[in-house]
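# Residue-level structure breakdown
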Amino acid sequence: MRIAILISGRGSNMRALLDAAKAPDFPADVALVLSNKPDAAGLQVAADAGFATAIVDHKVFGRDREAFERAMQAELEKARVELVCLAGFMRLLTPWFVSTWHNRLVNIHPSLLPAFKGLDTHQRALDAGVTEHGCTVHLVRPEMDTGPVLGQAKVTVAPGDDAARLAARVLEAEHLLYPRALEGYIRGLEDGGVTVEGDAVAGITPVLLDYGRTGPANR
Ligand code: GRF
């Protein structure tokens, strides 16, 4: 399956997907890395690794979100993309784009959804006093940070955590979760075994990882 990765920044999740896609048995090829920001650091990483890149600068389109998205859509069609992965892509998408890619648009979010939608999730998790935090890979629906869950990784909040320390452990978990959850979903699409109804995904087992307190690196 030909996939695109949409980024706005450093692209560490993009890199995790690019690395995973190198494995011969990974069920996807990365046909395009697309950024809405010309200076996104991830663009250079992708280009250096030999992947096709494109820039669609949202600023050129002012407030016309759909015109911006139609320009992205043209790039995706040119690259014959079949599924889109958001990886730190910092633009809200219109219902038009989301419905164009219905069940073919995947996102990673740094919290255990439905908790802590939106930005600044790590500080908000600490402020709320939760003991379990983590990340979620999900199909995108028009309402921000909602949609059927393909996988989650739990990271236990440690005493003395600040937002930066917690974010670093969650990010490591993201890098392991995203390729695995994507792989399972694409295999399900390809063998026809997966069905999505409302918020329920059937026919594949969601990836559930538990990194406890130490995080992935030390386990
Ligand atoms: C990640 O924490 C991701 O979950 C969120 O934005 C961040 C992007 O980081 N959506 P990176 O660009 O993948 O390093």
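Below, the structure is looked at part by part.

## A short note on the overall build of the protein chain
Secondary structure assignment for the protein chain yields six helices and ten strands. Relative to the compact-globule value of 17 Å for 219 residues, the protein chain shows a C-alpha radius of gyration of 17 Å, a close match. On the principal axes, the C-alpha backbone points of the protein chain span a range of 50 × 40 × 35 Å. Counting the 219 residues in the protein chain, one finds 51% classified as buried. Within the protein chain, counting contacts between residues at least 6 apart in sequence, those at least 24 apart form 64% of the total. Taken as a whole, the protein chain presents about 10,300 Å² of accessible surface, with 52% of it coming from carbon and sulfur. Averaged over its 23 positive side-chain charges, the protein chain has a centre that lies 2 Å from the centre of its 27 negative ones.

## Here's the deal with unusual backbone geometry
Leu113 connects to Pro114 through a cis peptide bond whose omega is 15 degrees. Residue Phe116 is not a glycine yet carries a positive backbone phi of 55 degrees. Tracing the chain through its elements places Phe116 in the loop between strand S5 (105-109) and helix H5 (121-128). Of the residues examined, Phe116 reaches a relative accessible area of 17% and is grouped as buried.

## Thoughts on the site of the ligand
Lining the immediate surroundings of the ligand are Arg10, Gly11, Ser12, Asn13, Gly88, Ile108, His109, Pro110 and Glu174. One nitrogen or oxygen atom from the side chain of Arg10 is found 2.4 Å from an oxygen atom belonging to the ligand. Between the ligand and Asn13 there is a distance of 2.8 Å, counted from an oxygen atom to a backbone nitrogen or oxygen. Protein contact buries 85% of the 360 Å² of open area that the ligand shows by itself. Contributing elements (two or more residues each) for the shell around the ligand: helix H1 (12-21) and S5. Residues belonging to the shell around the ligand are distributed by class as follows: two nonpolar, five polar and two charged.

## Describing the pairing of strand S6 (residues 132-139)
Each regular strand displays side chains that alternate between the two surfaces of the sheet. A large share of S6 lies buried, amounting to seven of its eight residues. Bridge count for S5 against S6 is four bridges, and the pairing is antiparallel. Directly across from Val106, in S6, lies its bridge partner Leu139. Inspection of the sheet shows S6 paired to strand S7 (residues 149-156) by seven bridges, in the antiparallel sense. Considered in S7, the bridge of Thr136 is made with Gln152.

## Some details on the packing of aromatic side chains
Per the stated rule, a full pass over the model turns up three aromatic pairs. Ring geometry for Phe61 versus Phe68: centroids 6.2 Å apart, planes at 55 degrees, classification tilted. Of the residues examined, Phe61 reaches a relative accessible area of 25% and is grouped as partly exposed. A cation over a ring is seen here: Arg70 above Trp96, with NZ or CZ 4.2 Å from the ring centre.

## Focus: H5
Regarding H5, the residues found buried are Thr121, His122 and Ala125. Projected down its long axis, H5 carries its buried residues within an arc of 100 degrees, all on one side. Where H5 is buried, its residues contact S5, S6 and helix H6 (163-190). Of the residues one or two after H5, Gly129 is the one with positive phi, at around 75 degrees.

## Regarding the side chain of Ser12
Mapping Ser12 onto the fold places it in helix H1. For Ser12, a relative accessible area of 18% puts it in the buried group. For Ser12, the contacting residues outside a window of four places in its chain are Leu171 and His175.

## Comments concerning the nonpolar core
The biggest cluster of nonpolar side chains holds 45 residues, and the ones touching the most others in it are Ile3, Ile5, Leu83, Leu150 and Leu182. Looking at this core element by element, the count peaks at nine residues for H6. Sequence-distant contacts of Leu182, that is, excluding residues within four places in its chain, are made with Ile3, Leu17, Phe26, Leu83, Cys85 and Val106. Listed in part, the 21 residues of the second largest apolar core include Leu86, Trp101, Leu105 and Val140.

Basis of the calculations
- Residues numbered from 1 in each chain as written.
- Predicted model: local features only at pLDDT ≥ 70, side-chain atom pairs only at ≥ 80, totals over all residues.
- Heavy atoms only, no water.
- Helix = DSSP H or I, 4+ residues; strand = E, 2+ residues; numbered from the N terminus.
- Rg over C-alpha atoms; globule rule 2.2 N^0.38 Å.
- Buried < 20%, exposed > 50% of the residue type's maximum accessible area, 1.4 Å probe, protein only.
- Contact = heavy atoms within 4.5 Å.
- Areas by Shrake-Rupley, 256 points an atom, 1.4 Å probe, with all protein chains shown as cover.
- Lys, Arg positive; Asp, Glu negative; His and termini not counted.
- Charge placed at Lys NZ, Arg CZ, Asp CG, Glu CD.
- Near = heavy atom within 4 Å.
- Polar contact = N/O pair within 3.5 Å; in protein donor to acceptor, adjacent residues only side chain to side chain.
- Nonpolar A, V, L, I, M, F, W, Y, C, P; charged D, E, K, R; others polar.
- Pairing = 2+ DSSP bridges.
- Phe/Tyr/Trp six-rings, centres within 6.5 Å; stacked < 30°, edge-to-face > 60°.
- Lys NZ or Arg CZ within 6 Å of the ring centre and 35° of its normal.
- Arc of directions from axis to C-beta.
- Core = buried A, V, L, I, M, F, W, Y, C linked by side-chain atoms within 4.5 Å.

Function-wise, these values are silent; they only describe arrangement.
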